[in-house]
Amino acid sequence: MPTEFISLTFPNASTELNPLPNPAIDPDYLTRYARNLDDYEYNYTLVPYDSSYFDPFTTGATIAAVTKNLKIIIALRPNTLYPTVAAKALATLDQLSRGRAVVHFIAGGSDVEQAREGDFLNKEERYARLEEYIKILKRAWQSADPFDWDGKYYQFKQFSNRVRPVNGTSIPISVGGSSDEAYRIGGSLADIFGLWGEPLKETKQQIDRIYAEADKAGRAAGDRPRIWVTFRPIVAETEELAWAKAHRTLDALKGNRAEGKGRVPAGAPPPQNVGSQRLLEIAKRGEVQDRALWYPTVTATNARGASTALVGSFQTIVDSLLDYVDLGAELISIRGYDNLNDAIDYGRYVIPKVREALKERESRTNGAH
């Protein structure tokens, strides 16, 4: 399948560089942002989830209504919605968007964050619940007949789903993480597996783990999860300008955190989730990894979420992304720190160049045969 591009949904003008205090959704900004993604031919936008944040389904439906081609990835924590309800909600969005719904599952990487909405399962139990949840959704989308379920976490009788996905059988399922359980569940059940930006060597090791779990589950080579890798590119016309911009960005992240305006408090404890722990450990090896992977943004934010930057000229960023495509990444998530302007810059100067390079490669390969 072709390489595709993902952005994150931003519902207002607040950014990590210039955070607004408790901002509400700005419908005009959300529409403008989503339409720019559509116009610049991004393939997906991820609608994030947080215990204190806006509802992804309502936001996703709004995006679907103002775009034509952009696919909407709904981030979903199993503790927040019963699986039969989720099956119908996702299929409803799929119908409203004419087949553009995707779901990204978050088992939950922080006990504290999960407890805020009444979830007190430990990490192992959360992943076991996720596995059961995914199996229920797949059954609900595929089964034309009522069915019972008697699992450890969910039980119901004669559920009948009359809200079918547009393709009749399924909606793409994404799973992310860097733990053994994430690899196992994503490798065996997911259509897409999401990774944060790590050096090429470590990324290849993770991809191999995911594929090994897919093989173990009996999935054919052509049925393995597609790999999704996320970066925060800091780009400019030249290397010098890009690095100057990177250091301004870093100063702003550090300053905002020190003033209590960052996403993570200055005295926050080390993160509980394995993905963030991995990023912080890699950051100890040096600021720059591989061609342009920059880790000070990781340490400045305590590895909260996707925080690995790529720094360089437009061509350097294109070449860096192609390195990951060569490893097997089919979905590339890129979002910056000046949200709307960066998305437009990527759409003008990065995404077209990556696609052009891949098209040239394909033409050479076809010509060689």
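Computed from a predicted model, the values in this text were never measured in an experiment.

Chemist: Hey, could you run me through the nonpolar core in this one?
Modeler: Across soluble globular proteins, you tend to see nonpolar side chains buried next to one another. The biggest cluster of nonpolar side chains holds 96 residues, and the ones touching the most others in it are Tyr42, Leu90, Phe105, Trp141, Ile227 and Leu321. Ranked by residues supplied to this core, first place goes to helix α12 (residues 339–368) with nine residues. Beyond its immediate chain neighbours, meaning those up to four positions away, Ile227 contacts Phe193, Leu195, Ile207, Ile210, Tyr211, Gly328, Ala329, Glu330 and Leu331. Counting residues in each nonpolar core, the second largest holds 11 residues, with Ala236, Ala242, Ala300 and Tyr337 among its members.

Chemist: Hey, could you run me through the side chain of Asp342 in this one?
Modeler: Among the structural elements, Asp342 can be located in helix α12. A residue is classified by how much of its surface remains accessible, and Asp342, at 5% relative accessible area, is buried. Leaving out residues up to four positions away in the same chain, Asp342 has contacts with Lys245, Gly336 and Tyr337.

Chemist: Would you mind showing me how to read the side chain of Asn339 here?
Modeler: With respect to the secondary-structure elements, Asn339 resides in helix α12. Only 3.2 Å separates the side chain of Asn339 from the backbone oxygen of Ser14, close enough to count as a polar contact. Beyond its immediate chain neighbours, meaning those up to four positions away, Asn339 contacts Phe10, Ser14, Thr15, Tyr29 and Tyr33.

Chemist: Would you explain the pattern of salt bridges in this entry?
Modeler: Once their charged atoms are close, side chains differing in charge can pair, the charge on each being opposite to the other. Within this structure, the stated rule accounts for 24 salt bridges. Here Asp50 makes a salt bridge to Arg304, at a shortest N to O gap of 3.5 Å. Here the residue Asp50 occupies a position in the loop between β2 (44–47) and α2 (56–66), and Arg304 occupies one in the loop between α10 (296–300) and β12 (309–313), the gap between them amounting to 254 residues. On the basis of relative accessibility, which here comes to 16%, the residue Asp50 falls in the buried class. When the shortest N-O distance is used, the salt bridge between Glu131 and Arg184 registers 3.0 Å. Of this pair, Glu131 sits in helix α5 (residues 123–142) while Arg184 sits in helix α6 (residues 180–189), and the two are 53 residues apart along the sequence. With relative accessibility at 17%, the residue Glu131 sits in the buried group.

Criteria and cut-off values
Residues numbered from 1 in each chain as written. Predicted model: local features only at pLDDT ≥ 70, side-chain atom pairs only at ≥ 80, totals over all residues. Heavy atoms only, no water. Core = buried A, V, L, I, M, F, W, Y, C linked by side-chain atoms within 4.5 Å. Buried < 20%, exposed > 50% of the residue type's maximum accessible area, 1.4 Å probe, protein only. Helix = DSSP H or I, 4+ residues; strand = E, 2+ residues; numbered from the N terminus. Contact = heavy atoms within 4.5 Å. Polar contact = N/O pair within 3.5 Å; in protein donor to acceptor, adjacent residues only side chain to side chain. Salt bridge = Lys/Arg side-chain N within 4 Å of Asp/Glu carboxyl O.

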